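Structural features, examined
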Amino acid sequence: MMILKIHINSGLNLKIFDITHSDQIDQKISKFAMAYKCYRNQMGKRFFYFIFYFLLGSLVLSSCTARRLVPPNHYLITKNEIVIDDKKASFTKSDLSGFVSHKPRRSFLGIRFKLWTYYITEPYKSRNFLRWIHQKIGTEPLYYDEFTASSNAAQMQRYLANVGYMHAVVTPDVQIEKHKARLIFNVKASWPYTISEIEKTIPDTVLAGFVTSIHNNTLIKSGDILNIYKMSDERDRIATYLKNNGYYFFSSDYIHFDVDTNLLSRKASLKMRIENVKSKMLSEAGQPFITTHKRYFINQVNIHPLYNPFINSSIAFDTTLVQLYSRDENKMHNQYFIYPGDPRINIKRFDQIIHIKDNEAFSVSNVKDTYRGLTNFRIFGNSNITFDTSIVTHRFQNDGRNWLDCNILLQRNALNGYAVELEGTNSSGDLGIKGNIVFHNKNIFRGSEQFRLRANAGIEAQQISLDTLGSENNVFNTTEFGIDASVFFPRFLSPVYLKNFINDYQPKTNITTGFNSQKRLNYSRFIVNLSFGYDWMASPTVQHVLTLININSVKVNPSAAFQEKLNLEINQRIKDQYSNHLIIGLKYSFIFNNQNINKINDFFYFRANFESSGNGLSLFNKSLPIDTSNNQRQIMGVTYAQFFRFDFDFRYYRLLTENNRLVFRTIIGAGLPYGNSLEMPFERSFYAGGANGMRGWQFRELGPGSYNGSNKVERIGDIQLEASGEYRFPIYSLLKGALFLDVGNIWTINESSYLPGGQFDLGSFQNELAVDAGFGIRLDFSFFIFRIDGAVPFRDPSRDFGDRWMIDKLQLRHSRFNFGIGYPF
């Protein structure tokens, strides 16, 4: 009798579990298994080479065929070039390249696959599928056109004249070979005009004093090359300064530059004129009256917190005067609140955001800062600031000044909101279901403070680091319940008054607290967190986030059987993951983002995070009890963590076309435990793999270093280096695609007996960098993006040193698929 049990897993590995027969049968079956494995490896290699040569042959064929499909008397633009005869010229090729509309179609290694696709589908575009290929995959050819080339040259020549090269000549030249055209723009720069002298004519003597006070910051100086664009910038600079000093009606249209050039000396003399105001009233001679520019001051600031343009005019309005004391000026400022009935907001909370003050000169910067502050008052859906110059009476009569009344009109939003959410979750490969109930109030303390309360519950099929204990075998082995609350204050809460800081940056205050309970088969975990901090915008591109108090308490209750297994575990990081610990520290983040949502262009993103924990508590070590088992200090029976951690995230978004772009990301991070900690806390350690990192590996499956342990542990480290690149492109409608490459790994700072090969070595870390590549599919719904990324490892540092490259060994079983929400970066 023979009993044969064979199992074929998802990687097509044939394993013989149990055989009961004679030795002869045993040998035959073993030979069969070896023959099958050899056949499978050969088929995997043949499949890989077949795909490679098929794609290469298709691309080469498309390169050869595309040129043959060009219509007669048409010439494909393959290259354009700008040649400048003067290497010392103040302008560059990039200054002129924007005027060239003859842009050659992009190619890869000289291959224009999209162009070839366009040509071969052109006759069949009436058919739906081929029309889709023609429009979405193909690229329309660009042919040489003499009129367009001449027009581009004329635009360049006009630009050069505006930057001082008035006698520059741009000549287009075309080189035609078969069906190809190479376009060259020859630029003869000649010589530029330089500014010899600058004269100012300002009949308004008061206004002239303001202009003279900022003369040292002028953008135009004697000896500079004549530049029309700099003159425009100078006009805007002067106009902005004057509008910040009371000149409410002033604009750059009043500023004129007269240029007088001398051909022999190649010099230009400038005369800047600031004209007076021409009145609409005419004199008896029919000429408009000429008056000087009026400087305006704020008479009264009126705030309407319940403004409604459709309100019945017969309703009675109440007026409340709020007086604010200015420490710097040692005087009071008045604000008048006008509203019908209860204003439903603490009117004293406007002191930090209203920068327009009575008896001060009008300033457009103060208006912008007030708008910026009002956007943080989410109780108001719309805000509008108007000025009234038709003032008959004011507080300072007969003083010769001109006055404005400021009216701030605020329309309210809905006070409360509710949301019920049900979602499928994917935490780096762990699938689950989660529900949230969210309540938010936009005026919880009647100062436009935003209160948010969220209760959530969910179940998840989460991977287990150690072998599961117990008799249950549920698919969803984790249940979770949590509640968190946060309050956002649209002002700076601090016992220290920092006037300049508040006025310049309008910081906001955030308080967050929460409780989370997780229950698994072998243990339960309770997490309590509390944070207090500020965030502010230093500029439109720079943000700071400072968390002064950051408390995270984790309490774990393992089952008796699971605790026994933990006691036998030699991996200290795994033991720490299931032990009680406390993190008390502070965190600071610097964020730079120059993305302009109103323009489609290249941009950078950079985030630097710095975090420390336990330093304040360490000052009281002598009074804290000590755990003799690990010689660590405790507070309220829980060991506190002490470490310093930083990480940098740099991204560059390169726009190729409106819908195609290249995206690059680099991550550098390190954590250093010291004092009361021997290892970094599990949740503050670094990991590699998963949907947002090294996508050729599953979550926490890579590293550290060259560690190749077979035990199923969640691999974490103290150092992370990672770089990724993605080419994103549209496929059809909501369907997008991406080709990506990831390089990186994690390491430990110190050598570990349970993670051999995981320590970082500056001289050899490059030999332990993992490499993967793959293809991604994204469903882009604008507000929601669902993503599937499939990748294969090209280089695996856990393999033997001379056998880490796997390109010639790739098989289907090496593929990894990661699901995600949103883009990875």
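Residues numbered from 1 in each chain as written. Predicted model: local features only at pLDDT ≥ 70, side-chain atom pairs only at ≥ 80, totals over all residues. Heavy atoms only, no water.

Focus: the overall build of the chain
In terms of helices and strands, the chain carries 12 helices and 34 strands. For the chain, the residues scored as buried account for 40% of the 825 residues in total. Sequence separation of 24 or more characterises 64% of the internal contacts of the chain that already satisfy a separation of 6 or more. Of the roughly 45600 Å² of accessible surface on the chain, 56% is carried by carbon and sulfur atoms. (Helix = DSSP H or I, 4+ residues; strand = E, 2+ residues; numbered from the N terminus. Buried < 20%, exposed > 50% of the residue type's maximum accessible area, 1.4 Å probe, protein only. Contact = heavy atoms within 4.5 Å. Areas by Shrake-Rupley, 256 points an atom, 1.4 Å probe, with all protein chains shown as cover.)

Looking at the sheet that holds strand 14 (residues 380–388)
The mixed open sheet is built from five strands, whose spatial order is 12-13-11-15-14. The open sheet has two edge strands, strand 12 (318–326) and strand 14, and neither has a second partner. For this sheet, the mean inter-axis angle between neighbouring strands, taken without regard to orientation, is 25 degrees. The pairing of strand 12 with strand 13 (residues 331–339) spans nine bridges and is antiparallel. Along strand 13, the bridge assignment pairs Gln 323 with Asn 334. (Pairing = 2+ DSSP bridges. Axes fitted to C-alpha atoms, helices over the stretch in contact; angles between N-to-C directions.)

Topic: the sheet that holds strand 6 (residues 194–201)
Read from one edge of the open sheet, three strands run 6-8-7, paired in mixed fashion. The sheet terminates laterally at strand 6 and strand 7 (255–262), the two strands that pair on one side only. The mean inter-strand angle of the sheet, taken between neighbouring strand axes irrespective of direction, is 20 degrees. Across seven bridges, strand 6 lies against strand 8 (residues 267–274) in parallel orientation. Bridged to Glu 199 within strand 8 is Lys 271.

Quick look at helix 5 (residues 146–162)
Compared with the 24 Å implied by 1.5 Å per residue over 17 residues, the 25 Å span of helix 5 between its first and last C-alpha is a close match. Within helix 5 the residues assigned to the buried category are Ala 149, Asn 152, Ala 153, Met 156, Tyr 159 and Leu 160. For helix 5, the angular spread of the buried residues around the axis is 120 degrees, confining them to a single face. Along helix 5, exposed side chains directed more than 90 degrees from the buried face belong to Phe 147 and Arg 158. Considering only its buried residues, helix 5 is in contact with strand 3 (76–84), helix 2 (93–97), strand 4 (169–177), strand 5 (180–188) and helix 7 (228–243). (Expected span 1.5 Å × (residues − 1). Arc of directions from axis to C-beta.)

Considering helix 4 (residues 128–136)
Taken together, the buried positions of helix 4 are Trp 132, Ile 133 and His 134. Buried residues along helix 4 sit in contact with helix 3 (113–121) and strand 30 (719–732).

Examining the nonpolar core
Counting residues in hydrophobic clusters, the biggest one holds 27 residues, and the most contacted among them are Phe 350, Ile 354, Ile 356, Phe 387 and Ile 408. Elements that contribute at least two residues to this core include exactly strand 11 (296–304), strand 13, helix 8 (364–375), strand 14 and strand 15 (402–412). In this structure, Tyr 193, Ile 214, Ala 239 and Leu 270 belong to the second largest nonpolar core, which totals 23 residues. (Core = buried A, V, L, I, M, F, W, Y, C linked by side-chain atoms within 4.5 Å.)

Here we look at the pattern of salt bridges
Counted under the stated rule, the structure contains 26 salt bridges. One salt bridge in this structure joins Asp 789 and Arg 695, with 3.2 Å as the shortest N-O distance. Highlighted residues: Asp 789 in strand 33 (residues 785–795) and Arg 695 in the loop between strand 29 (661–673) and strand 30, separated in sequence by 94 residues. What makes Arg 695 buried here is its relative accessible area of 1%. Linking Lys 809 and Asp 808 is a salt bridge whose minimum nitrogen-to-oxygen distance equals 3.4 Å. Given a relative accessible area of 27%, Lys 809 falls into the partly exposed group. (Salt bridge = Lys/Arg side-chain N within 4 Å of Asp/Glu carboxyl O.)

A few points about the environment of Ala 168
Checked against the element boundaries, Ala 168 lands in the loop between helix 5 and strand 4. Placed 21 residues apart in sequence, Ala 168 and Ala 189 show a C-alpha to C-alpha distance of 4.6 Å. When near neighbours in sequence (up to four residues on either side) are disregarded, Ala 168 contacts Gln 157, Leu 160, Lys 188, Ala 189 and Ser 190.

Notes on the side chain of Ser 612
The residue Ser 612 is located in strand 24 (residues 603–613) in this model. The class for Ser 612 is buried, based on a relative accessible area of 16%.

A few points about unusual backbone geometry
Leave glycine aside and you will find that most residues have negative phi; peptide bonds, for their part, are mostly trans. Following Gly 703, the chain continues into Pro 704 via a peptide bond in cis, with omega recorded as -5 degrees. By the secondary structure assignment, Pro 704 is in the loop between strand 29 and strand 30. The backbone of Lys 178 shows a phi angle near 55 degrees, a positive value even though the residue is not glycine. Following the sequence through the fold, Lys 178 ends up in the loop between strand 4 and strand 5. With a relative accessible area of 71%, Lys 178 lands in the exposed category. Backbone geometry at Met 636 places phi at a positive 55 degrees, although glycine is not the residue there. Overall, the relative accessible area of 76% leaves Met 636 in the exposed class.

Some thoughts on the side chain of Glu 722
Among the structural elements, Glu 722 can be located in strand 30. For Glu 722, a relative accessible area of 5% gives the class buried. The contacts of Glu 722, once residues within four sequence positions are left out, are Arg 665, Thr 666, Ile 667, Asn 692, Gly 693, Met 694, Val 743 and Gly 744.

Quick look at a nonpolar patch on the surface
Taken together, Leu 734, Leu 779, Phe 781, Phe 783, Phe 784 and Ile 821 make up a surface patch of nonpolar side chains, about 590 Å² in accessible area. According to the relative accessible area criterion, Phe 783 is exposed, its value standing at 75%. (Patch = residues over 30% accessible without salt bridge, like charges linked within 9 Å, V, L, I, M, F, W, Y side chains within 5 Å.)

Thoughts on the packing of helix 3 against helix 4
Close contact between helix 3 and helix 4 brings their axes to 8 Å; oriented N to C, the two are set at 145 degrees. The element helix 3 and its partner helix 4 pack so that their crossing is left-handed. From helix 3, Thr 117, Tyr 118 and Thr 121 reach across to helix 4, where they touch Leu 130, Ile 133 and His 134. (Left-handed = near helix turned anticlockwise from the far one by under 90°.)

A look at the confidence of the model for the chain
With 85% of its residues at a pLDDT of 70 or more, the chain has an overall mean of 83. For the chain, strand 1 (residues 3–8) is the element with the lowest average pLDDT, namely 32, and strand 24 is the one with the highest, namely 96. Below pLDDT 50 for its whole length, residues 1–26 participates in 37 contacts with residues either more than four positions away or in separate chains. Below a pLDDT of 50 lies the segment residues 465–471, which in the model reaches 20 contacts outside its immediate sequence neighbourhood of four places, other chains included. (pLDDT = per-residue confidence, 0-100.)

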